[in-house]
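# Residue-level structural notes
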Amino acid sequence: MGMARLLAKGWIVFCLYAGAIALERALASGTPPMDALGGIGPCVLLFSAMGLLFAYGFGMSGGPIRLSRIDSYALQPGFNEIVFIAFMLASLFVQLSYAPHHGPVSVLGALEAAIRFAVPGQRELESLLTQCSLDGGKSFAGAFSWALALVFFASSLSRLRLGAAIVRLERKRRPEPFGPYVLAALVAVAAVFAIQFLFVGTLFDLAPCALLTGVFGATLIGIVPLMLAYLVMAALTNLMALNAEE
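Note that the structure is a prediction, hence the values are computed from the model and not measured.

About the cut-offs
Residues numbered from 1 in each chain as written. Predicted model: local features only at pLDDT ≥ 70, side-chain atom pairs only at ≥ 80, totals over all residues. Heavy atoms only, no water. Phe/Tyr/Trp six-rings, centres within 6.5 Å; stacked < 30°, edge-to-face > 60°. Helix = DSSP H or I, 4+ residues; strand = E, 2+ residues; numbered from the N terminus. Buried < 20%, exposed > 50% of the residue type's maximum accessible area, 1.4 Å probe, protein only. Contact = heavy atoms within 4.5 Å. Salt bridge = Lys/Arg side-chain N within 4 Å of Asp/Glu carboxyl O. Polar contact = N/O pair within 3.5 Å; in protein donor to acceptor, adjacent residues only side chain to side chain. Expected span 1.5 Å × (residues − 1). Arc of directions from axis to C-beta.

Centre-to-centre distance and the angle between the planes together describe a pair of aromatic rings. Inspection of the entire model under this criterion finds seven aromatic pairs. Each ring, one from Phe84 and one from Phe152, has its centre 5.8 Å from the other, and the planes form 75°; the classification is edge-to-face. Residue Phe84 is found in helix H4 (residues 79–98), and its partner Phe152 is found in helix H7 (residues 138–157); the two are separated by 68 residues along the sequence. Note on Phe84: relative accessible area 6%, which makes it buried.

Printed below as a string of structure tokens:
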């Protein structure tokens, strides 16, 4: 849960999700597959590399990073990351292939109504979509993404103590650049602001209609709730890791 690692993971996920949406839209408009890949692939790689360089520079502030210290275990995704990837793919499938062609009926309508009741941000999103005469399955895609985010958060809570113990062990091997307390405070503040803007819905209450159009709007609806759940779990893990256990 180091800050550099958190920034790198979040940025890569955002770029890949946005790239997948852009590719689907290019193919749907009749662009040949190779031409679409040739135009979108380099953009995704360049934006991903930019984020990785920023994260690497943050990690370098704590001293040079030696490749010998990066073992195979550090490169393997943990259980939370595997679940996150599976949920991200499910959200992508629903947003691109299912939601635009199916109305909110039966179980799907019940799911959307439940999320609308539980998540204020979903109500603000639907209100903005109505004002802007935008839908096309966006409201259900947002509700499905929030449902996955809540499931991911509840599942991750059961492994919170284990994650905190792993963070403490990692910090003994390589201390954080600004110390564990500053890191925990930064992640906690970021989580609080993200909850206010996304879960509470302040962002959708203030945003113009243009925010929900295009690739950025689709990415915001489809993956950001899951990223928020991951960020909150990172904040809780770092805070619990401050309590050193004998």
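So, on to the environment of Pro120. The topology assignment puts Pro120 in helix H6 (residues 120–131). For the pair formed by Pro120 and Phe199, sequence separation is 79 residues and the distance between their alpha carbons is 6.2 Å. When sequence neighbours within four positions are dropped, the list of residues in contact with Pro120 reads Phe199 and Val200.

It is worth spelling out the pattern of salt bridges at this point. One pass over the full model with this rule turns up two salt bridges. Between Arg116 and Glu112 there is a salt bridge, and its shortest N-O distance comes to 3.7 Å. Of this pair, Arg116 and Glu112 both sit in helix H5 (residues 106–118), four residues apart, which is roughly one turn of that helix. With a relative accessible area of 6%, Glu112 lands in the buried category. Linking Glu126 and Arg116 is a salt bridge whose minimum nitrogen-to-oxygen distance equals 2.7 Å.

Moving on, we get to unusual backbone geometry. A positive phi angle is found at Ser133, which is not glycine, with a value near 55°. By the secondary structure assignment, Ser133 is in the loop between H6 and H7.

Inspection of the secondary structure puts Glu126 in helix H6. Accessibility expressed as a relative area gives 14% for Glu126, which makes it buried. Of the polar contacts made by the side chain of Glu126, one reaches the side chain of Arg116; its length is 2.7 Å. In terms of polar contacts, Glu126 uses its side chain to reach the side chain of Gln122, at 2.9 Å. Once you skip the residues sitting within four places of it in the chain, Glu126 turns out to touch Glu112, Arg116 and Ser139.

To continue, consider helix H9 (residues 180–199). Given a rise of 1.5 Å per residue, 20 residues ought to cover 28 Å, and the 27 Å separating the end C-alpha atoms of H9 matches this to within 8%. Within the sequence span of H9, burial applies to Leu183, Ala184, Val187, Ala191, Ala194 and Leu198. Here the buried residues of H9 occupy an arc of 100° about the axis, which is enough to place them on one side. Along H9, exposed side chains directed more than 90 degrees from the buried face belong to Tyr181, Val192 and Phe193. Gly201 occupies a position one or two residues after H9 and carries a positive phi of about 100°.

On to helix H8 (residues 160–173), then. Over its 14 residues, H8 runs 20 Å from end to end, which matches the ideal 20 Å to within 8%, given 1.5 Å per residue. If you check which residues of H8 are buried, you get Leu160, Gly163, Ala164, Val167, Arg168 and Arg171. Seen along its axis, H8 keeps its buried residues to an arc of 145°; they face one direction. Exposed residues on H8 whose side chains face more than 90 degrees from its buried face are Leu162, Leu169, Lys172 and Arg173. Contacts made by the buried residues of H8 are with H7, H9 and helix H12 (224–241).

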